Amino acid sequence: MTRGPQDEERGERTRRLAALDQAHIWHPFTPMQGWLEDDPLIIERAEGCELIDTEGRRYLDGVSSLWVNVHGHGHPAIDAAIAEQLSRLAHSTFLGLTHPPAIELAARLAALAPGRLERVFFSENGAASVEVALKMAYSYWRHRGEERPTFVRLENAYHGDTIGAVSIGGIDRFHETYRPLLFATASIPSPYCYRCPLGLEYPSCGLACAEALDEVLTREGDRVAAVVVEPLVQGAAGIITAPDGHLRRIADIARHHGVLLVVDEVATGFGRTGKMFACEHEGVEPDLLCMAKGLTGGYLPLSATLATSAVFDAFLARPEEHRTLYHGHSYSGNPLCCAAALANLDVFESEAVLASLPAKVAALARLLAPLADHPHVGEVRQRGLMVGIELVADRATKEPFPEHLQVGAEVARATRPRGAIVRPLGDVVVLMPPLAMTEPELARLVAATAAAIDEATIGALATLRPSAPQVAASRESL
Ligand SMILES: *Cc1c(COP(=O)(O)O)cnc(C)c1O
């Protein structure tokens, strides 16, 4: 293909935008020094499961635009629903007023959610939905005349980046800096069986980790408002998949001690684990449930905290009794977002999305199987369409690569020329394709990732042992 004047023009525009980005933008969760040293990838369009950059290059959206996209980009039904709502009402406050899309959506979510979660509180992101759950749980006890100022969290948990959500988080890389600002919590081990904190094997590791809750609640349960858990998968920790029964056991222990159970389905909700909500796999009925990422199909920012009537009723009183939930934002319950969420739920039905998942999940597992033998893959974890590939310097000892090599980031970088976008968590390469991704696209995504893992690990090895022969034979054929 010859480059015409149009291409030159595009190159110039990309360079101008890149320079402005690097001059003015502070990106989230991004080491900015490295960002300034690299050429930013500028995405300006998307179609289906592909993102398209300012140079017209296409990339498979291997992490659903950070775990939010569900049915692909530019889905006609969702686009149309947003446009249609825009022609009526873009925004009106949700404090003291209400509107049709939020009303319809709340009813649909209450019907869809596991258990008896009848009340829906809207906010704009996952972290906010968790903050709301914490306030609800704490106030619930206060309104009943009990002071319960603490929460139980899991090690390796991620519930968002605001201070309350960070207080119940457990990922040192993200959270350590802020420790002095956080409220006190009790913690139980993470069901990270590959590196079991209790030194046990899979699956007894995970169940023993859940059992630790009983000890904590026996000791200080009367000070605990709620236990907060990511069901089945600790996402941001590196797609740590809990053994079957882990969630069920936590729910049973919380119930036994009369402590509220908050389930954070921000990552796992909307089909990601193979069912609409992860709780359904183990028949768990939480008192509070947080949802966000996939709620609008990945189109607009919206989250929700769902509560049982038992929790809600504790807030019913005259204003002067001060049981109001003092929480809410300028854009709470935004109608455009609610319209997108309604369309998202419609697509789940009209395209029978959940029924299509078992075949896709199995196909993805088949595609990933060869990676388990890779000399630098310690473990491939998969739950539904959530995948974590943990890279290690040494499989036998599980020794990680030195942090300064940034092997996970190198893999992500090396997938781009191969036509895919992935984003790692440390040295765990994450794949979280939209539920709409087809089997041929999944195959391309896994092939690009496998080739990138080869390239990055061979590069890392060359740095580690410059004189040694390259032991990791190229696996470009994967
Ligand atoms: C991403 C995530 C959050 C935070 O959601 P934001 O919309 O990024 O604030 C909370 N909990 C879990 C489990 C998540 O994966």
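Residues numbered from 1 in each chain as written. Predicted model: local features only at pLDDT ≥ 70, side-chain atom pairs only at ≥ 80, totals over all residues. Heavy atoms only, no water.

Describing the pairing of strand 11 (residues 288-291)
Side-chain direction in a regular strand flips from residue to residue, so the side chains alternate between the two faces of the sheet. What counts is decided by this rule: In this scheme, a residue with accessible area under 20% of its type's maximum is buried, one over 50% is exposed, and one in between is partly exposed, where area comes from a 1.4 Å probe on protein chains only. In DSSP terms, a helix is any run of H or I states spanning at least four residues, a strand is any run of E spanning at least two, and both are numbered starting from the N terminus. Any two strands with at least two DSSP-identified bridges between them are counted as paired.
Of the two faces of strand 11, the one holding Leu288 and Cys290 and the one holding Leu289 and Met291 are both buried throughout. Judged from the three bridges that link them, strand 10 (residues 260-264) and strand 11 form a sheet pairing that is parallel. Bridged to Val263 within strand 11 is Leu289. In terms of strand pairing, strand 11 meets strand 12 (residues 303-308) through four bridges, oriented antiparallel. The residue of strand 12 that forms the bridge with Leu288 is Ala307.

Considering the packing of helix 14 (residues 407-415) against helix 15 (residues 439-464)
Under the convention used in this document: A fitted line through C-alpha atoms represents every axis, and for helices the fit uses only the stretch in contact; the resulting angles, taken between N-to-C directions, go from 0 to 180 degrees. Angles below 35 degrees are treated as roughly parallel, those above 145 as roughly antiparallel, those between 65 and 115 as roughly perpendicular, and all remaining angles as oblique. Helix crossings get a hand from a simple test, with the near helix turned counterclockwise from the far one by less than a right angle marking a left-handed crossing and a clockwise turn marking a right-handed one. Throughout, a residue-residue contact means that at least one pair of heavy atoms, one from each residue, lies within 4.5 Å. Asp, Glu, Lys and Arg are counted as charged, while Ala, Val, Leu, Ile, Met, Phe, Trp, Tyr, Cys and Pro are counted as nonpolar; the rest, among them Gly, fall into the polar class.
Axis separation between helix 14 and helix 15 bottoms out at 8 Å; the angle between their running directions is 130 degrees. By the angle between their directions, the pair helix 14 and helix 15 is classed as oblique. Our pair here, helix 14 against helix 15, has a crossing hand that is right-handed. Residues Val407, Glu410, Val411, Ala414 and Thr415 of helix 14 touch helix 15, and the partners they reach there are Ala448, Thr449, Ala452, Ile453, Glu455, Ala456, Thr457 and Ala460. Along the lines of polarity and charge, the residues of the contact of helix 14 with helix 15 split into eight nonpolar, three polar and two charged.

Looking at the site of the ligand
Note the threshold: Working definition: residue near molecule or strand if any one of its non-hydrogen atoms lies within 4 Å of it. Whenever two N or O atoms come within 3.5 Å, that pair is a polar contact, provided that in protein one can donate a hydrogen and the other can accept it, and provided that, for residues adjacent in sequence, both atoms are side-chain atoms. For the area figures, the Shrake-Rupley method with a 1.4 Å probe applies, and any residue is considered shielded solely by the protein chains shown.
In the vicinity of the ligand, the residues found are Trp67, Asn125, Gly126, Ala127, Tyr158, His159, Gly160, Glu230, Asp264, Val266, Ala267 and Lys293. Gly126 has a polar backbone atom sitting 2.7 Å from an oxygen atom of the ligand. Take Lys293: an N or O atom from its side chain is 2.7 Å from an oxygen atom of the ligand. Alone, the ligand offers 380 Å² of accessible surface; in the complex the protein occludes 83% of this. Tallied by class, residues from the shell around the ligand come to five nonpolar, four polar and three charged.

Comments concerning the pairing of strand 10
By the criterion of burial, strand 10 is predominantly enclosed, with five of the five residues buried. The side-chain alternation of strand 10 yields two buried faces, one formed by Leu260, Val262 and Asp264 and the other by Leu261 and Val263. In this structure, strand 7 (residues 224-229) lies alongside strand 10, joined through four bridges in parallel fashion. Counted as the bridge partner of Val228 is Val262 from strand 10.

Regarding the state of the cysteines
So the rule is basically this: Any cysteine sulfur atom paired with another within 2.5 Å is treated as part of a disulfide.
Enumeration over the complete set of coordinates arrives at zero disulfides. For Cys290, which is in no disulfide, the shortest distance to another cysteine sulfur is to Cys279 and amounts to 11 Å. Looking at Cys290, the relative accessible area reads 0%, which means it is buried.

Describing a nonpolar patch on the surface
Applied cut-off: Patches draw on residues past 30% relative accessible area with no salt bridge. Two like charges within 9 Å are joined, as are two nonpolar side chains (Val, Leu, Ile, Met, Phe, Trp, Tyr) within 5 Å. Criterion for a salt bridge: a side-chain nitrogen of Lys or Arg within 4 Å of a carboxyl oxygen of Asp or Glu.
Taken together, the side chains of Ile163, Tyr178 and Leu181 make up a nonpolar region of the molecular surface, amounting to roughly 290 Å² of accessible area. On the accessibility criterion, Ile163 (39% relative accessible area) is partly exposed.

Looking at the sheet that holds strand 14 (residues 386-391)
The strand order across the open sheet formed by four strands is 13-14-17-16, and the pairing between neighbours is antiparallel. For this open sheet the edge positions go to strand 13 (377-383) and strand 16 (423-425), each flanked by a neighbour on one side alone. Neighbour to neighbour, the strand axes of the sheet diverge by 25 degrees on average, direction disregarded. Here strand 13 runs beside strand 14; their pairing, made up of six bridges, is antiparallel.

Things to note about the domain arrangement of the protein chain
Inclusion rule: What counts as a domain boundary in this text is fixed by an automatic or database domain assignment. Buried area is a sum: the accessible area each of two parts loses on coming together, probed at 1.4 Å, counted once for each and added.
If you check the domain split of the protein chain, you get domain 1 (41-71 + 353-477) and domain 2 (76-350). Opposite the 32 residues of domain 1 that make contact, domain 2 presents 34 residues. Carbon and sulfur atoms make up 60% of the surface buried where domain 1 meets domain 2, a total of about 2,800 Å² over both sides. Counting the contacts that link domain 1 with domain 2 gives two salt bridges. Note that Arg383 is salt-bridged to Asp244, the shortest N-O span being 3.2 Å. At the junction of domain 1 and domain 2, the tally comes to 16 residue pairs in polar contact (both at pLDDT 80 or more). Of all the secondary structure elements, the ones that give two or more residues to the side of domain 1 that touches domain 2 are helix 3 (64-67), helix 13 (353-368), strand 13, strand 14 and strand 17 (428-431). Per-element tally for the side of domain 1 that touches domain 2: the top contributor is strand 13, with five residues.

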